[in-house]
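Residues per chain, in single letters:
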Amino acid sequence: MATTSTVSRVRRQLPTSPWLFAAPGLLITGAFILYPFVSTLINSFTDRRTLVPGEFVGLANFRELMHDDMFWIGLRNSTLYVLGVVPALILLPLLLALLVQKAIPGITFFRSAFYTPVVASIVVVGLIWVWLLDDRGLVNAVLETVGVGRIGFLSDQWLLLLSAMAVTVWKGLGYYMIIYLAALGNVPRELHEAAAVDGAGAIRRFVSVTVPAVRSTMVLVGALSSVAAFKVFSEVYLLAGPSGGPAGEDTTLVMLVQRTGTGLTGRVGYASAISVVVFVVTVALMLLVLRADRREES
């Protein structure tokens, strides 16, 4: 009788037991993801400020965006960032993974060295690159020594943006290299051997064997790097400063959100509208990458 009672009690508790295990994760997701998302969406339709609740204004914030020059500058820079960073982060880590894939003496050291920038603090990385690229930094000192002259890496609008892209690529190489290493480990060695027997060289084997075998991983890397590049903040902020470079011409959308929505007089409603635009564009980027992948498969 005791055993039957225990079994029946356990059965009555089973429907709720999975929810009890999932409750901590659901609470964290709701508190730090769902609630901020819903709150941002609601605020985008209000004129809320930091210390003022605000009132419903409909699409006024989004209409204002269409006439805001800084918004279009931020959209331009974020788009250029995606176009400049994503192709490099798709191809270069793959080549790096092929380079360190072979099990030769000392290769573990190089794998660790290439991965070190990933675990380094972005603030530390940014300061190092500022010291390197400053008008009085190491790079300009070397260029002046060899007679080239100083280059305004951090004072020229386009050079500053390219420098920030270089930092992003340098810091992300090791992370995506690890992803490619896992994918390359699943590529059958027989395919390369068969291609070599047919007379295919290293470049031909890379194009005909390696790339098709890791294509799904390349799509994943493209999606991840696209979203991260469009939402870039730290690299440009550290190199360009809070003002966003000369006359604010290097401001990105996320920098504009931070600048507009913070402080005692921050326009939270307007910054929320910019955040909604960033969310919509990032979702669209992921859908475009997935659609392109499906079209290539078909």
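Everything here concerns the structure above.
Residues numbered from 1 in each chain as written. Predicted model: local features only at pLDDT ≥ 70, side-chain atom pairs only at ≥ 80, totals over all residues. Heavy atoms only, no water.

(A) Focus on the overall build of the chain. When helices and strands are counted, the chain shows 14 helices and 0 strands. Going residue by residue from the N terminus, the α and β elements of the chain occur as α-α-α-α-α-α-α-α-α-α-α-α-α-α. The C-alpha atoms of the chain give 25 Å as radius of gyration, which overshoots the globular expectation for 298 residues (19 Å, by more than 25%). When the backbone C-alpha atoms are referred to their principal axes, the chain occupies close to 70 × 70 × 40 Å. (Helix = DSSP H or I, 4+ residues; strand = E, 2+ residues; numbered from the N terminus. Rg over C-alpha atoms; globule rule 2.2 N^0.38 Å.)

(B) Seen up close, the layout of surface pockets. Looking at the largest pocket, its volume works out to about 550 Å³. Lining the largest pocket are 14 residues, and of these Leu98, Gln101, Lys102, His192 and Thr210 sit closest to its centre. Tallied by class, the residues present in the lining of the largest pocket amount to 7 nonpolar, 3 polar and 4 charged. There is about 230 Å³ of room inside the second largest pocket. Around the second largest pocket, the lining is made up of 16 residues, and of these Thr168, Lys171, Ala228, Val232 and Glu235 lie nearest the centre. Secondary-structure elements contributing two or more residues to the lining of the second largest pocket are helix H4 (69-100), helix H8 (157-184), helix H11 (215-230) and helix H12 (234-240). With 4 residues, H8 is the largest single contributor of residues to the lining of the second largest pocket. Here the residues of the lining of the second largest pocket are counted per class, giving 9 nonpolar, 4 polar and 3 charged. (1 Å grid on protein atoms, 1.4 Å probe; cavity = no way out; pocket = protein on both sides within 12 Å on 5 of 7 lines; lining within 4 Å. Points joined across faces, edges and corners; volume = space filled by probe spheres on them. Nonpolar A, V, L, I, M, F, W, Y, C, P; charged D, E, K, R; others polar.)

(C) Region of interest: the packing of aromatic side chains. For the structure on display, the rule yields 7 aromatic pairs. Measuring from centroid to centroid gives 5.4 Å for Phe109 and Phe110, while their planes differ by 75°, and the two rings are edge-to-face. Seen in terms of ring centroids, Trp129 and Trp170 are 5.7 Å apart; in terms of plane orientation they differ by 65°. Their pairing is edge-to-face. Of this pair, Trp129 sits in helix H6 (residues 122-133) while Trp170 sits in helix H8, and the two are 41 residues apart along the sequence. Under the relative-accessibility criterion, Trp129 is labelled buried at 18%. For the cation-ring pair, Arg267 lies above Tyr270, with the distance from its terminal atom to the ring centre recorded as 4.5 Å. (Phe/Tyr/Trp six-rings, centres within 6.5 Å; stacked < 30°, edge-to-face > 60°. Buried < 20%, exposed > 50% of the residue type's maximum accessible area, 1.4 Å probe, protein only. Lys NZ or Arg CZ within 6 Å of the ring centre and 35° of its normal.)

(D) A look at H4. Between its first and last C-alpha atoms H4 spans 46 Å; for 32 residues at 1.5 Å apiece the expected length is 46 Å, and the two agree. Maximal helix bending in H4 amounts to about 25°, located at Leu89; proline Pro93 follows within four positions. Between a side-chain oxygen at the N-terminus of H4 and the backbone nitrogen of Met70 the separation is 3.0 Å; the capping residue is Asp68. (Expected span 1.5 Å × (residues − 1). Bend = angle between axes of the 7 residues up to and from the residue. Polar contact = N/O pair within 3.5 Å; in protein donor to acceptor, adjacent residues only side chain to side chain.)

(E) Geometry of unusual backbone geometry. A positive phi angle, near 60°, is found at Ala247, a position not held by glycine. Secondary-structure assignment places Ala247 in the loop between H12 and helix H13 (253-261).

(F) Focus on the pattern of salt bridges. Applying the stated criterion to the full structure yields 3 salt bridges. Taking the shortest distance from any N to any O, the salt bridge between Arg76 and Glu249 comes out at 3.3 Å. With Arg76 in helix H4 and Glu249 in the loop between H12 and H13, the pair connects residues that are 173 residues apart, well separated along the chain. On the basis of relative accessible area, Arg76 is assigned to the partly exposed category, the value being 29%. Linking Glu144 and Arg150 is a salt bridge whose minimum nitrogen-to-oxygen distance equals 2.7 Å. On the accessibility criterion, Glu144 (43% relative accessible area) is partly exposed. (Salt bridge = Lys/Arg side-chain N within 4 Å of Asp/Glu carboxyl O.)

(G) View of the nonpolar core. With 59 residues, the main nonpolar core has Leu65 and Tyr81 as its most contacted residues. Listed by contribution, the elements that provide at least two residues to this core are helix H3 (60-66), H4, H6, H8, H11, H12, H13 and helix H14 (268-297). With 14 residues, H8 is the largest single contributor of residues to this core. Filtering out sequence-adjacent residues up to four positions away, Leu65 remains in contact with Phe71, Trp72, Tyr270, Ala273, Ile274 and Val277. (Core = buried A, V, L, I, M, F, W, Y, C linked by side-chain atoms within 4.5 Å. Contact = heavy atoms within 4.5 Å.)

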